[in-house]
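Residue-level structural notes
Here's the letter readout for the chains.
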Amino acid sequence: EMEKMGDKIFSGKGGPWAGEARLVDMKAQMEKSGVSPKALAKLPASHYLMVILTDPKTGKPVADVSGSAEIKGPDKAPSSKVTLIVMGGHIGADVNLPKAGKYTFRVNVEGGGQKGAAEIAYELKK
């Protein structure tokens, strides 16, 4: 199940929802699946950010949500922004984390007339 892949980098409240964020190292995940080195070289991004939102009362995944994430890296480079799209039981996007260091993900989501946000700190170790 995709929602169990990668490292859990956040668990808590995001507006009216319970939220979890996971970060998948795409190269490591693909290597486990037996993908060829040639195909690995063509990966569009180094990682995949997934955000899973659930209704705290029912525990069921929230449908019809959309969002974005602003990513700040370990250097003075400008931040980047990605649109989180619906993928089964989560919203997510490919993200590039080019080098080791501290990253911040500022995630904003909305759906059903409600909004939520979370700031997630993550340290990438190479």
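A brief report on the enclosed structure follows. One numbering rule holds for all chains: residues counted from 1, following each sequence as written. It should be noted that, the model being predicted, local features are given only for residues of pLDDT at least 70 and side-chain atom pairs only at 80 or more, the latter also being counted only at that level, while totals for whole chains, interfaces and linings use all residues. Only heavy atoms go into the side-chain values, all of them from the structure, while hydrogens and water stay out.

1. Observations regarding the pattern of salt bridges
Filter applied, for reference: Here, a salt bridge means any side-chain nitrogen of Lys or Arg that lies within 4 Å of a carboxyl oxygen of Asp or Glu. The secondary structure listing takes helices from DSSP runs of H or I that are at least 4 residues long and strands from runs of E that are at least 2 residues long, numbered from the N terminus. Type-normalised accessible area, obtained with a 1.4 Å probe on protein chains alone, sets the label of each residue: buried when under 20%, exposed when over 50%, and partly exposed for intermediate values.
The tally for this structure, following the rule as stated, stands at 4 salt bridges. For Lys 8, the salt bridge identified is with Glu 20, shortest N-O distance 3.8 Å. Within this pair, whereas Lys 8 is found in strand β1 (residues 7-14), its partner Glu 20 is found in strand β2 (residues 17-25), the two being separated by 12 residues in sequence. Given the relative accessible area of 48%, Lys 8 is considered partly exposed.

2. Here we look at the nonpolar core
Here is the rule: Within this scheme, the nonpolar core is defined by two criteria: the residues are buried Ala, Val, Leu, Ile, Met, Phe, Trp, Tyr or Cys, and they are joined through side-chain atoms within 4.5 Å. Note on contacts: a residue pair qualifies if any of its non-hydrogen atoms lie within 4.5 Å across the two residues.
Formed by 23 residues in total, the largest nonpolar core has its most connected members in Ile 9, Leu 23, Leu 49, Leu 84, Leu 97, Phe 105 and Val 107. Broken down by secondary-structure element, the contributors of at least two residues to this core are β2, β3 (47-54), β4 (66-72), β5 (80-87), β6 (90-95), β7 (101-111) and β8 (114-124). The leading source of residues in this core is β7, at 4 residues. Residues contacting Leu 23, with those up to four places away along its chain left out, are Gly 6, Asp 7, Ile 9, His 47, Tyr 48, Leu 49, Val 95, Leu 97, Phe 105 and Tyr 122. By size, the runner-up hydrophobic cluster in this structure holds 5 residues, among which are Val 24, Met 26, Met 50 and Ile 52.

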